[in-house]
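One-letter residues, chain by chain:
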Amino acid sequence: MSIDADGGLACPVPLSNTSHVAMAHGGGGTRMRDLIDQVFMSRFRNDLGDGQNDSAILHFGGERLAFTTDSFVVDPPFFPGGNIGSLAVHGTINDLAMSGAKPLYLSAGFILEEGFEISKLERVVDSMKAAADEVGVKIVTGDTKVVERRNGEGIYINTAGIGVIQHDKTMEARAIRPGDHVIVNGDLGRHGMAIMTTREGFELETPIESDSAALWPAVQALLEADIDVHCFRDLTRGGLASALNELSESSGYGIHITESRIPVNSTVRGVCEILGFDPLHVANEGRMVAFVAPRDAERAVEILQGVNPDISAADIGVVGSTKEKRVTLESVIGVPRILDMLSGEQLPRIC
Amino acid sequence: MKYMDEYRNRDDVHRLADSIRKICTRPHSIMEICGGQTHSIVRFGIDQILPEEITLIHGPGCPVCVTPVEMIEKALRLGAMPDVILCTFGDMMRVPGTDQDLLGIKAQGGDVRFVYSPLDAVGIAADNPEKEVVFFGVGFETTAPANALAVKTAAQKKLSNFSMLSSHVLVPPAMEALLSSEHCAIDGFLGAGHVCTIMGCTEYEPIARKYKVPIVVTGFEPLDLLQGIHMCVRQLEEGRFEVENQYARSVTQQGNTEAQRLLREVFEVVPRKWRGLGPIDASGLQLTAAYRAFDAEHRFPLDDIVAHESEHCISGEILQGLKKPSDCPAFGKQCTPDQPLGAPMVSSEGACSAYYRYRRSATPATADRGE
């Protein structure tokens, strides 16, 4: 290898860790995006778009339907604020809601490990039923497979969902406009830290409860109030930072947010500080960002606060006017910096 | 966690920056030792609000970054052994060896686990008597006591399947190595607050006197760092070179004597090679003869390891503060957190990772607002 006249490397650096799937390929960051682009989208791409939105929009008999699927492998399956069942229902409802679709029907596929306790399975299924009932969704078809025992704790759930779009707006990244306000429906990072602290057995004075929740009530309230929303995105793996970076990339506009306006629960912030995590990279399961026209921004925050007064909806930033695909964050001391997408998994630091 | 907000108060931060501007009459180069401080500086943008006379130089205080590539290779070999469970801190998982990292070993079937505390590794050893459990222990004086405690606990429990691959280093010899270099451009130091919480301040006094350099033991929050810089600039302007303690809410003159006693019991001081800096006399810790049975380098055949660092990585110059990450031709191009050429790009305390994550280029981000 040699350095060429521009100081660049003359032959490609060997790629490490790309011959096998690594955990980072599922982490919601750049590695996962590369896997999707290079392995899946290069083969599956078709005339219905690039498959990169939360749901596919299907035109059928004069109706616009949203269709989506999601799989859930959370470890541990039970955590403060929910379990894998409620999560599997919320996740798919949220993917539909992000397209502005009213969720209607879900399927549920179970992969169970030999030895999994039936009473635990019943708890999971009860939670699924309750989560679906809460937003008037029916679980209408399903499948069950059992795999050989490893530690007897394994349960994986796939849900797919269909919803209907009952308005004429198109809500997607390309509809984002300069000057749009960036609004989150609540405090960030609770789901990821609830899972992490439960899995690792951290003893906290107040356990962190997952934010897992259906986002349809919040979306419905904004739509019914005729708020000029240009795009919704749920903040799952990779957190706010990954979602905003993806949206900046797809919309073509820079996004600028202010650190001091971003709501983060103090326990979440504390645990993140200790471990060297950034709450803006941590997963959520009941949080979304809405891009709203400036004149409606204040009203949108009020409406979101009305839907759930306990979780601090906030206007955290704006969309820039130039075609500059990056996300900046004004630090608490007033200096702007880049807010990057998570690269790989978040790993706890040494000290 | 309310106290954190007080140390990040925007008005206080800018008031302190103004008072630094008032006392500063000429250029000063100040090195922050610790990578945690570097990350705070870049994350909050502290260097951007300082007077232009002040240059912050990022120091070598990132334990992941200075771990020699031979040690990484040893860990990779251990991690790939079928009967070994290799435990380490999450930070070490992505550090590149010659051509792969521990996450790669894990993806290929090696039992590599990250732990939050070295005692977790001792627990894993107790739960898996049929396996060899190796804890890859790296770090400065901050982490060494916890690692020492893990070894001592394993000894007390008579665990014959626990060992540690030890790559511990000490801050004062590295400071002396930097100060002795003909390229040294350091006028003053911000001492590493966490290291001094363990070790106290006294061992820095001979360095301040010998090299006529002020050393201000400093914390990690914006107000800590600005106050540390203020104290350092004041000394430089007044021609003093003393050890001062900004981080008194955590650091005492003597430090944590119990932790120091544990270090003396379990470790002995040895010469150590630093990635980027080369060999430094009396700069590392290894297990004493009494604990040698727990030394993975004695237990496993690792002597024949050959390792190569990327010839394009300038981490040596970065760790000595001679160059900034953005001066590296590979920065953000051939070298990114996904495809790192060197450890400073992946460690949560590495200067390259801080620049990549928060800055990307030599100039800080500017916000163009759509309003």
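Everything numeric here is computed off the predicted structure, so don't read it as measured data.

Peer 1: It is not clear to me how the sheet that holds strand β2 (residues 63-72) of chain A should be interpreted in this structure. Could you clarify?
Peer 2: Paired through their backbone hydrogen bonds, the strands of a sheet run either parallel or antiparallel. Residue and element names in this part refer to chain A. The five strands lie next to each other as β1-β2-β7-β5-β6, forming an open sheet whose pairing is mixed. Each end of this open sheet is capped by a strand with a single partner; those strands are β1 (56-60) and β6 (138-147). Strand-to-strand, the axes of this sheet are offset by a mean angle of 20 degrees, without reference to chain direction. The pairing of β1 with β2 spans five bridges and is classified as antiparallel. Across the sheet, Ile 57 pairs through a bridge with Ala 66, a residue of β2. Of the strands in this sheet, β2, β5 (102-113), β6 and β7 (155-165) are in contact with helix α2 (residues 84-97), which crosses β2 at around 145 degrees.

Peer 1: What should I look at first to understand the state of the cysteines in this one?
Peer 2: One way to say it: the disulfide is the covalent bond shared by the sulfur atoms of two cysteines. All names here are of chain B. By the definition in use, this model includes one disulfide over all chains. Put simply, Cys 62 and Cys 65 are joined by a disulfide, and their sulfur atoms are 2.3 Å apart. Judged by the sign of its S-S torsion, about 70 degrees, the cystine formed by Cys 62 and Cys 65 is right-handed. Cysteine Cys 352 remains unbridged, with the sulfur of Cys 335 as its closest cysteine sulfur at 6.3 Å.

Peer 1: Explain the sheet that holds strand β11 (residues 278-287) of chain B to me, please; I cannot follow it from the model alone.
Peer 2: All names here are of chain B. Judged by pairing direction, the sheet is mixed, and its six strands sit side by side in the order β4-β3-β5-β6-β11-β10 without closing on themselves. Looking at the sheet topology across the chains shown, the edges are occupied by β4 (111-114) and β10 (267-274). Across the sheet, the mean angle from the axis of one strand to that of its neighbour is 25 degrees, orientation sign disregarded. Sheet topology note: the strand β3 (residues 84-88)/β4 ladder contains four bridges and is parallel. Paired with Thr 88 across the strands is Phe 114, a residue of β4. Across the sheet, helix α7 (residues 118-127) touches β3, β4, β5 (132-139) and β6 (162-169), and the angle it forms with β5 is around 170 degrees. Sitting on the sheet, helix α8 (residues 144-156) touches β5, β6, β10 and β11, and the angle it makes with β6 is about 160 degrees.

Peer 1: Any chance you could explain the packing of aromatic side chains here in plain terms?
Peer 2: Two measures describe an aromatic ring pair: the distance that separates the ring centres and the angle between the ring planes. Under the criterion given, the structure shown has seven aromatic pairs over all chains. Measuring from centroid to centroid gives 5.3 Å for Phe202(A) and Tyr116(B), while their planes differ by 85 degrees, and the two rings are edge-to-face. Here Tyr116(B) lies in the loop between β4 and α7 and Phe202(A) lies in the loop between α4 (190-199) and α5 (216-224), a pairing that spans two chains. Exposure remark for Phe202(A): the relative accessible area of 26% places this residue in the partly exposed category. Aromatic pair Phe140(B) and Trp274(B): ring centres 5.8 Å apart, planes at 55 degrees, arrangement tilted. Within this pair, whereas Phe140(B) is found in the loop between β5 and α8, its partner Trp274(B) is found in strand β10, the two being separated by 134 residues in sequence. Like Trp274(B), Phe140(B) is buried. Through successive ring pairs, a cluster of aromatic residues spans Phe202(A), Phe114(B) and Tyr116(B). Positioned above the aromatic ring of Tyr7(B), the side-chain terminus of Arg249(B) is 3.8 Å from the ring centre.

Conventions used here
- Residues numbered from 1 in each chain as written.
- Chains lettered and ligands numbered in written order.
- Predicted model: local features only at pLDDT ≥ 70, side-chain atom pairs only at ≥ 80, totals over all residues.
- Heavy atoms only, no water.
- Pairing = 2+ DSSP bridges.
- Helix = DSSP H or I, 4+ residues; strand = E, 2+ residues; numbered from the N terminus.
- Axes fitted to C-alpha atoms, helices over the stretch in contact; angles between N-to-C directions.
- Contact = heavy atoms within 4.5 Å.
- Disulfide = S-S within 2.5 Å.
- Phe/Tyr/Trp six-rings, centres within 6.5 Å; stacked < 30°, edge-to-face > 60°.
- Buried < 20%, exposed > 50% of the residue type's maximum accessible area, 1.4 Å probe, protein only.
- Lys NZ or Arg CZ within 6 Å of the ring centre and 35° of its normal.

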